[in-house]
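For reference, the chains in residue letters:
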Amino acid sequence: MAAENPFKRILKTLEKPDGGEFGKYYSLPALNDPRIEKLPHSIRILLESAIRNCDEFQVKSKDVEKIIDWENSSPKQVEIPFKPARVLLQDFTGVPAVVDLACMRDAMNNLKGDSNKINPLVPVDLVIDHSVQVDVARSVNAVQANMELEFQRNKERFGFLKWGSNAFHNMLVVPPGSGIVHQVNLEYLGRVVFNTDGLLYPDSVVGTDSHTTMIDGLGVAGWGVGGIEAEAAMLGQPMSMVLPGVVGFKLLGKLRDGVTATDLVLTVTQILRKHGVVGKFVEFYGEGMCELSLADRATIANMSPEYGATMGFFPVDHVTLQYLKLTGRSADTVALIESYLRANKMFVDYSEPQVERVYSAYLELKLEDVEPCISGPKRPHDRVPLKEMKVDWHACLDNRVGFKGFAVPKESQKKVVEFSFHGTPAQLRHGDVVIAAITSCTNTSNPSVMLGAALVAKKACELGLEVKPWIKTSLAPGSGVVTKYLEKSGLQKYLNQLGFNIVGYGCTTCIGNSGDIDEAVASAITENDIVAAAVLSGNRNFEGRVHPLTRANYLASPPLVVAYALAGTVDIDFETEPIGLGKDGKKIFFRDIWPSNKEVAEAVQSNVLPHMFMATYEAITKGNPMWNQLSVPSGTLYAWDPKSTYIHEPPYFKDMTMSPPGAHGVKNAYCLLNFGDSITTDHISPAGSIHKDSPAAKYLLERGVDRRDFNSYGSRRGNDEIMARGTFANIRLVNKFLKGEVGPKTIHHPTGEKVFVFDAAVRYKSEGHETIILAGAEYGSGSSRDWAAKGPMLLGVKAVIAKSFERIHRSNLVGMGIIPLCFKAGEDAETLGLTGEERYTINLPSSVGEIRPGQDITVVTDNGKSFVCTLRFDTEVELAYFDHGGILQYVIRNLIGAKC
């Protein structure tokens, strides 16, 4: 089906300045199309990818034209295919991806094909970073102690990923303890420009974590996707995406003294949330760009999910090149990057007159207007200027329960709780800080705020200030580079003195890995209904995320985290009230410990050096002793352990043959679930803790797993048996069959019994019955989750009939072989008189060649009803997946050489 690239005529040679050549590249200027000159830089990356991958099957010439004509086509919500240059995984999503690859190898082997052909077709970078829990804090031995506990909990998962790193080509696994995925991506993995066998092209990446966008600060187009999209990209398949609008965000001037990059990003987040940028790219430009370091840009890019954009993009300029040199990229690599991007009109040179680019909308911010701030207590875009914090806090105590309210009665607001902390008398009030964490790639990648925090600690220690011993303080750098420059500066000792000892290298408090609060503090909070606070340098502070006992959670710069830890409360006006008493009982104010921009800049200049990055990343893939001691099999086929409750071989390829199963309808199916509108992937996909009475809990107990060792669904994503049992297990699930009752159950229609959804699905399958799902509008909205499609497939669901689908979830259903159908406009189950108790037959042509994307299909019920739906296979590629029974089967047969 694929044809020769019709754009080979614009394949040019990029010459080196001193003779020789860098390689070949597809030249955008060679198209001689004046529309390209006005395109946003972020759209040019999509354009180059479409041109380079054009085969008139997966990517067509008409897709290229849509992108070139972006100014006119993007308002029409047209879809385009996109093939990223690489895929980024972290361990929770990496495990099921490697499980699928291992399964595909087994299937290939069973079909007498060359199983070693199963490898990622684009580079895959997998960073193990989501398992660091702050069990031990305020200790010089915290890193080692937490690492040992991490390996005890996750040894089986780690061993599996280590096997994968040896078994598969084109896959780099960065061991646990190395850092946070996005900081490692920024400092080390980001290529900016690829040179693959002499072909040059821009780096672009999709990752299975929403903050993949951090790499946009480096001029690399990247964003978060679900597991199935990532696996598809990994296997060389295109992603379908709506050609986005691009909001141009002009930055002017420079930040005032004492204002941090965190203050800037919280301000930008508030502005963009107010404007509305969901599904759009944001592209930054303007003279203020020259005043922002690369790390500052990465901080802004990191929080794209919080302001709702797909990307917050910073085109490559001289600041980018300086950062690449700082982080140890070779001079030859930087020269290639600059030459290629200049030649292909993807480089911004602010020393030259700027061509006015076209954007969908325009915003502007004068950097001097940014002021110190924090965000909270429950959402990242609820920014509070520091000078207004005390007033805002008291308003939150008064307000009714909501994003900005706790509804604490007036008579209780000044309550003081007395308790004993390991024999020491202690007190707790509303707003008292119990967690103070310097955490998250958002800020730990930025030397200016990290050294700023250390300077605050130094000044505080010298003045005699201390942090109360019951506040759980921690420092979790995103890479080992941070430790190197903090130690060289001589400032780490001051952070240690205040309790900000390094606890590990990875995601900690920001994703809820806070560990336990001391029992005495926890009891004081729960028994007295205290609204306790956490202050963290993270990117998300939704209620319940940071810690179950901190109802008020504020995002702040690392220096402010230290300041609030010293104050011990968020109920303070830093301008007029002292932070504490220093030596000789002297009052110490915020201004006494806050460093100037000049002090911070000097610390960065003196202590952040290229050799630190080189030394850190030369050693990163060598791992640590615990990783290196993990014993794993050496074979290229995985030796599945049937007793494992973490890693299990899924049945995706059971009884698979060389011949595709072809198009198939659905006959006399029962309705497993009957939904209304807005069923999200959170309702569908297994997430969070495993409920003690659930089918998944029963499965684990039957296999001798103690309840305290259940761990989470996330940690067990490599076991399909558990994940299938956790599908539709959400306790808030609203299923019309239950007539108002909420929970993870349904009706087994042949008997009328009310049972768990999983148990009903197993019964239907054992009885030889197919099942479908009825749904309302926006089925599958929310975060893109692979198990929201894998789970229903394993339960035996053959089709979903809905009023409308979330775009990516519909694509995921197709990828797993499930038929998506849409009711006609103005119709739904209710208007058609469907109760869900009927049996459903969906007639499709017997040959996929007779099916057209978006054609009408008739659905018939056993009680004589008949209605027409739109078949939501939207492209020829999706029809090919359906013909093969799913995307993974399609790839296997293609690799073997079957006629596709």
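Being a predicted model, the structure only gives us computed values, none of them experimental.

## A few points about empty space enclosed by the protein
Scanning all chains against the criterion turns up seven cavities of 30 Å³ or more. Roughly 90 Å³ of internal volume is contained in the largest cavity. Taken together, His41, Ile45, Val192, Pro202, Asp203, Gly219, Phe313, Pro315, Val316, Leu341 and Met346 form the lining of the largest cavity. Its residues assigned to classes, the lining of the largest cavity shows eight nonpolar, two polar and one charged.

## With respect to the sheet that holds strand E8 (residues 199-202)
The sheet built from four strands is open, its strands ordered E1-E2-E8-E7 with mixed pairing. Either end of the sheet is taken by a strand with one partner, and the two such strands are strand E1 (11-15) and strand E7 (193-196). Each adjacent strand pair in this sheet contributes to an overall mean axis angle of 35°, direction not counted. Where strand E2 (residues 21-26) lies against E8, two bridges are found, and the strand directions are parallel. Residue Lys24 lies in a different strand from E8, and its bridge partner there is Leu199. Sitting on the sheet, helix H2 (residues 41-52) touches E2 and E8, and the angle it makes with E8 is about 145°.

## Structural notes on the packing of aromatic side chains
A complete count under the given rule lists 30 aromatic pairs for this structure. Between Phe160 and Trp163, the aromatic rings sit 5.9 Å apart at their centres with planes inclined by 20°, giving stacked as the arrangement. Highlighted residues: Phe160 and Trp163, both in helix H6 (residues 142-167), separated by three residues, approximately one helical turn. The exposure classification of Phe160 matches that of Trp163, with both residues buried. Taken together through their ring pairs, the aromatic side chains of Phe160, Trp163, Phe168, Tyr638 and Trp640 make up a single cluster.

## Here we look at the pattern of salt bridges
Within the structure shown, the criterion is met by 41 salt bridges. Of the charged contacts, one joins Asp135 and Arg153 as a salt bridge, the two residues approaching to 2.7 Å between their closest N and O atoms. Of this pair, Asp135 sits in the loop between strand E5 (124-127) and H6 while Arg153 sits in helix H6; the two residues are 18 residues apart in sequence, bridging distant segments of the chain. On the accessibility criterion, Arg153 (33% relative accessible area) is partly exposed. One salt bridge connects Glu599 with Lys459, and the closest N-O pair in it is separated by 3.2 Å. Taken together, the residues Glu599 in helix H22 (residues 597-607) and Lys459 in helix H16 (residues 447-463) connect sequence positions 140 residues apart. By relative accessible area, which is 30% here, Glu599 ends up partly exposed. Look at the salt bridges and you will find they share partners, linking Asp100, Glu231, Arg717, Asp786 and Lys790 into a network.

## Digging into the environment of Leu451
Considering the arrangement of structural elements, one finds Leu451 in helix H16. The class for Leu451 is buried, based on a relative accessible area of 0%. Spatially, the C-alpha atom of Leu451 lies 20 Å from that of Ala137, the residues being 314 residues apart in sequence. The residues touching Leu451, leaving out its near neighbours within four places in the chain, are Tyr485, Leu486, Ser489, Leu491, Ala603, Val604 and Val608.

The rules we used
Residues numbered from 1 in each chain as written. Predicted model: local features only at pLDDT ≥ 70, side-chain atom pairs only at ≥ 80, totals over all residues. Heavy atoms only, no water. 1 Å grid on protein atoms, 1.4 Å probe; cavity = no way out; pocket = protein on both sides within 12 Å on 5 of 7 lines; lining within 4 Å. Points joined across faces, edges and corners; volume = space filled by probe spheres on them. Nonpolar A, V, L, I, M, F, W, Y, C, P; charged D, E, K, R; others polar. Pairing = 2+ DSSP bridges. Helix = DSSP H or I, 4+ residues; strand = E, 2+ residues; numbered from the N terminus. Axes fitted to C-alpha atoms, helices over the stretch in contact; angles between N-to-C directions. Contact = heavy atoms within 4.5 Å. Phe/Tyr/Trp six-rings, centres within 6.5 Å; stacked < 30°, edge-to-face > 60°. Buried < 20%, exposed > 50% of the residue type's maximum accessible area, 1.4 Å probe, protein only. Salt bridge = Lys/Arg side-chain N within 4 Å of Asp/Glu carboxyl O.

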